[in-house]
Amino acid sequence: MEEHAASLKNYLWSRKRPVEDTDLRKKAYALEDYTLHYTTMCIDALQLLKFFLYAYSTMHCVFLCSYTEQIGLVYLAARFDGGYAAVTRALQEIHQRVPDFKPQTLLDFGSGVGSVSWAAHAKWGTSLKEYVCVDSSASMNRLSELVLRGGEETGDMHINGIYFRQFLPVSPKVQYDLVISAFSLNELPNLFERQKTIQALWRKTGAFLVLVENGTREGHQLLMEARETVLQVRVIFSVTNHFSVYYCVI
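Residues numbered from 1 in each chain as written. Predicted model: local features only at pLDDT ≥ 70, side-chain atom pairs only at ≥ 80, totals over all residues. Heavy atoms only, no water.

The name an unreviewed UniProt entry assigns to the chain is Methyltransferase-like protein 17, mitochondrial, from the organism Staurois parvus. The UniProt entry for the chain carries this comment under Subcellular location (unreviewed entry): "Mitochondrion". (UniProt positions renumbered as here; feature names shortened; annotations may be inferred.)

Rendered as structure tokens:
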């Protein structure tokens, strides 16, 4: 378990964003030009790159996106403590800047093993009444609930008012005082899906939107990308009563 957890942690820390189709085509054209000028090989560069990209995507999906019970346990061992510490640090920033803020509702997108709920409960457990945890993996949701029950399926929930969902709430009228997405943006397949998700999360934000990613170049770019999306939405809808927190974890 320790070896698997270390491998997963290293992988998550070093991975890149999924390749966009436009970037893939640019690389394909460059590769084709190279083969025409410097080699005698005749290859379909785009098909070749797609093959390697498909192989990478398949490995990525098998390793992470399927989130079997076994992978969920490895993820719990690899990321729970670090995720809890990172989110706690971001929430502390909110508390220091707006000490009177007492959220009653929380939306956690990409909730995984539940570190966000634990961190939010530790900070505002007296005021929070509803925690909506959204994760597309049913296995991860079950594991998160099992942890909340102390490892026993029939145990009492350590935190009350938690609800698990596999999809974001549809109604645009439903907002939450605190919306958090921690280490989830890189799970989305492309820029369009990331932008669409950020826009949806922003519409559901009643007070604070918190985004947390790894303190790497990729993590920083993901947050700047999200920041630009939020700024565009604010201009379009003239939103002035919302706040955002963007956090890179080093």
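A. Representation of the overall build of the chain. For the chain, the helix and strand inventory stands at eight helices and six strands. Listed by position from the N terminus, the elements making up the chain come as α-α-α-α-β-α-β-α-β-β-α-β-α-β. For the chain, with 250 residues in total, the buried portion stands at 42%. Of the contacts made within the chain by residues no fewer than 6 positions apart, 79% connect residues no fewer than 24 positions apart. Of the accessible surface of the chain, which amounts to about 14,100 Å², a share of 57% is contributed by carbon and sulfur atoms. (Helix = DSSP H or I, 4+ residues; strand = E, 2+ residues; numbered from the N terminus. Buried < 20%, exposed > 50% of the residue type's maximum accessible area, 1.4 Å probe, protein only. Contact = heavy atoms within 4.5 Å. Areas by Shrake-Rupley, 256 points an atom, 1.4 Å probe, with all protein chains shown as cover.)

B. The arrangement of the nonpolar core in detail. Counting residues in hydrophobic clusters, the biggest one holds 27 residues, and the most contacted among them are L91, I94, L106, L178 and I180. Elements that contribute at least two residues to this core include exactly α4 (69-97), α5 (115-124), β2 (130-134), β3 (162-165), β4 (176-182) and β5 (205-214). For L178, the contacting residues outside a window of four places in its chain are L91, I94, P103, T105, L106, L107, W124, F208 and V210. The next biggest cluster of nonpolar side chains, apart from the first, holds 18 residues, and it includes V134, L201, L222 and V230. (Core = buried A, V, L, I, M, F, W, Y, C linked by side-chain atoms within 4.5 Å.)

C. Layout of the packing of α4 against α5. For the pair α4 and α5, interaxial distance at closest approach is 8 Å and the crossing angle is 40 degrees. Taken as axis vectors, α4 and α5 run oblique relative to one another. The crossing of α4 and α5 is right-handed. Here F80, G83, Y84, V87, T88, L91, Q92, I94 and H95 of α4 lie close against α5, whose contacting residues are S115, V116, W118, A119, A120, A122, K123 and W124. Of the residues assigned to the contact of α4 with α5, the class counts are eleven nonpolar, five polar and one charged. (Axes fitted to C-alpha atoms, helices over the stretch in contact; angles between N-to-C directions. Parallel < 35°, antiparallel > 145°, perpendicular 65-115°, else oblique. Left-handed = near helix turned anticlockwise from the far one by under 90°. Nonpolar A, V, L, I, M, F, W, Y, C, P; charged D, E, K, R; others polar.)

D. Molecular detail of helix α6 (residues 138-148). Residues S139, M140, N141, L143, S144 and L148 constitute the buried set of α6. Each element contacted by the buried residues of α6 is listed here: α4, α5 and β3. Where α6 ends, the next residue or the one after it, G150, has phi of about 75 degrees, a positive value.

E. Fine view of the side chain of T205. Inspection of the secondary structure assignment puts T205 in strand β5. Overall, the relative accessible area of 0% leaves T205 in the buried class. A distance of 2.8 Å separates a polar atom in the side chain of T205 from the backbone oxygen of L201. (Polar contact = N/O pair within 3.5 Å; in protein donor to acceptor, adjacent residues only side chain to side chain.)

F. How the structure looks around helix α7 (residues 191-203). With 13 residues, α7 should cover 18 Å at 1.5 Å per step; its first-to-last C-alpha distance of 18 Å lies within 8% of that length. Taken together, the buried positions of α7 are R194, T197, I198, A200, L201 and W202. Capping the start of α7 is the job of one residue whose side-chain oxygen sits 3.3 Å from the backbone nitrogen of F192: N190. (Expected span 1.5 Å × (residues − 1).)

G. Fine view of the pairing of β5. Where burial is concerned, most of β5 is hidden: nine out of the ten residues are buried. Examined bridge by bridge, β4 and β5 share six bridges and lie parallel to one another. In the sheet register, S181 faces β5, and the bridge partner there is L211. (Pairing = 2+ DSSP bridges.)

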